[in-house]
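# Architecture and fold: a report
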Amino acid sequence: MTVAELLQHTAQRLAAPELVSEDPQQEARELLAHALGTVPARLRADTSVDPHAHGEFIRLLARRLASEPTGYIVGAVEIDGLRFKVDRRGFIPRLDLPVLIHAGLEGVGRDAKGFALDLACGIGAAGICVGHARPGLRVDLADVSAEAIELARENAELLIPGRAQAYAGDLFEPLPRGRKYQIVTANPPWVPDGTELPEEVLNEPHVSFFGGPDGLDVVRRIIHELPAWMAPGGIYAQECDPSQVEKVRGLLAAAGLREPKAHADKEGVKRVVSARQP
Ligand SMILES: C[S@@+](CC[C@H](N)C(=O)[O-])C[C@H]1O[C@@H](n2cnc3c(N)ncnc32)[C@H](O)[C@@H]1O
């Protein structure tokens, strides 16, 4: 079979609703590229797949069909054109993360100087993408999980070497006192306690998801402390569930931030809120 034929069949299979794939075509490309010892960008549609690679591909696909996330199978995820290392130490960034990254970036110029912060950063993808797009910024990455922070540090060293520091601890607590940020991005836990999650998702560290009875306990703590950490005119952007967007805008306005604004993904679903420090 050729690469194109295998991708077509596999994407159809991965589109089954119970597999909760964000992008079946992209997952198929990741799995096949891994079986062929390459990356998705190097796949060529008319290459024929030899029996050895085909066997390996079928083994990888079986793991995915048994609910193992593709990110953990291939050990990588691609966000905004950058390839990040990912494993069970961290949450796998979702493919809509660029909505958060661009909501942060649109608030500061290309020549911005100073510091950016990715709070509850997981493997560091949002902060590292911000740093990659704004070479004048240094990036602080912070997460309560020491294991995720190891991985964030590894990713930062590969992708923006020498420009990031990674801190393990509760929210702002491990960060250098007095530091002021031009951009803060955050995709913290925001799922209401008790929500049933699909098996794929439960493979990931549980500290990533639950945020109290209405999901916003961590968000409220972040927004309460946020103004003291923002540079004048700095931009805050955070992800949340679409049903929480209005509440988060209200929390930001009540904390004194200006221009609270919702940002939509490709499907028009609002899932990111940004606001500016006066
Ligand atoms: C939904 S995951 C998102 C990770 C990353 N921002 C991303 O989008 O890929 C939430 C992250 O919040 C972190 N977290 C949970 N509670 C935290 C706290 N109190 N302080 C800092 N990080 C926290 C988890 O360890 C997890 O990495």
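Residues numbered from 1 in each chain as written. Predicted model: local features only at pLDDT ≥ 70, side-chain atom pairs only at ≥ 80, totals over all residues.

## Notes on the packing of helix α9 (residues 217-225) against helix α10 (residues 245-254)
In a pair of packed helices, the angle between the axes and the distance between the axes together describe the arrangement. Between α9 and α10, the shortest axis-to-axis distance is 9 Å and the interhelical angle comes to 25°. Between α9 and α10, the interaxial angle falls into the category roughly parallel. Here the hand of the crossing between α9 and α10 comes out right-handed. Facing Val219, Arg220 and Ile223 of α9, the residues of α10 in contact are Val248, Leu251 and Leu252. (Axes fitted to C-alpha atoms, helices over the stretch in contact; angles between N-to-C directions. Helix = DSSP H or I, 4+ residues; strand = E, 2+ residues; numbered from the N terminus. Parallel < 35°, antiparallel > 145°, perpendicular 65-115°, else oblique. Left-handed = near helix turned anticlockwise from the far one by under 90°. Contact = placed C-beta atoms within 7 Å.)

## A closer look at the domain arrangement of the chain
Domain boundaries in the chain define domain 1 (3-74) and domain 2 (88-276). At the junction of the two partners, domain 1 supplies 8 residues and domain 2 supplies 8 residues. A per-class count over the side of domain 1 that touches domain 2 returns 3 nonpolar, 2 polar and 3 charged. (Domains from an automatic or database assignment. Nonpolar A, V, L, I, M, F, W, Y, C, P; charged D, E, K, R; others polar.)

## What to know about the site of the ligand
Around the ligand lies a shell of 20 residues, among which Pro93, Ala120, Gly122, Val144 and Asn187 are the nearest. Broken down by class, the residue content of the shell around the ligand amounts to 14 nonpolar, 4 polar and 2 charged. (Near = placed C-beta within 6 Å.)

## A word on helix α7 (residues 146-159)
Helix length check: α7, at 14 residues, gives a terminal C-alpha distance of 20 Å against a target of 20 Å (1.5 Å per residue), a fit within 8%. The complete set of buried residues in α7 reads Ala148, Ile149, Leu151, Ala152, Asn155 and Ala156. On an axial view of α7, the arc spanned by its buried residues comes to 160°, and they lie on one face. Against β2 (82-85), α6 (125-133), β4 (137-143) and β5 (164-168) lie the buried residues of α7. (Expected span 1.5 Å × (residues − 1). Buried ≥ 20, exposed ≤ 12 C-beta atoms within 10 Å, placed from the backbone. Arc of directions from axis to C-beta.)

## Quick word on the environment of Val207
Here Val207 lies in the loop between α8 (199-202) and α9. According to the C-beta neighbour criterion, Val207 is partly exposed, with 14 such atoms within 10 Å. Along the primary structure Val207 and Lys113 are separated by 94 residues, whereas in three dimensions their C-alpha atoms are 33 Å apart. Sequence-distant contacts of Val207, defined by excluding residues within four places in its chain, comprise Val144 and Ser145.

## A look at unusual backbone geometry
Here Val20, not a glycine, exhibits a phi torsion of approximately 35°, which is positive. With respect to the element layout, Val20 can be found in the loop between α1 (3-14) and α2 (24-35). Note on Val20: 14 C-beta atoms within 10 Å, which makes it partly exposed. A positive phi is found at Leu171, a non-glycine position, where the angle reads about 40°. Relative to the helices and strands, Leu171 is located in the loop between β5 and β6 (181-186).

## Some thoughts on α9
All buried positions along α9 are accounted for by Val218, Val219, Ile222 and Ile223. Along the long axis of α9, the arc covered by the buried residues comes to 130°, so they all point the same way. On its buried side, α9 packs onto β3 (114-119), β6, β7 (230-239) and α10.

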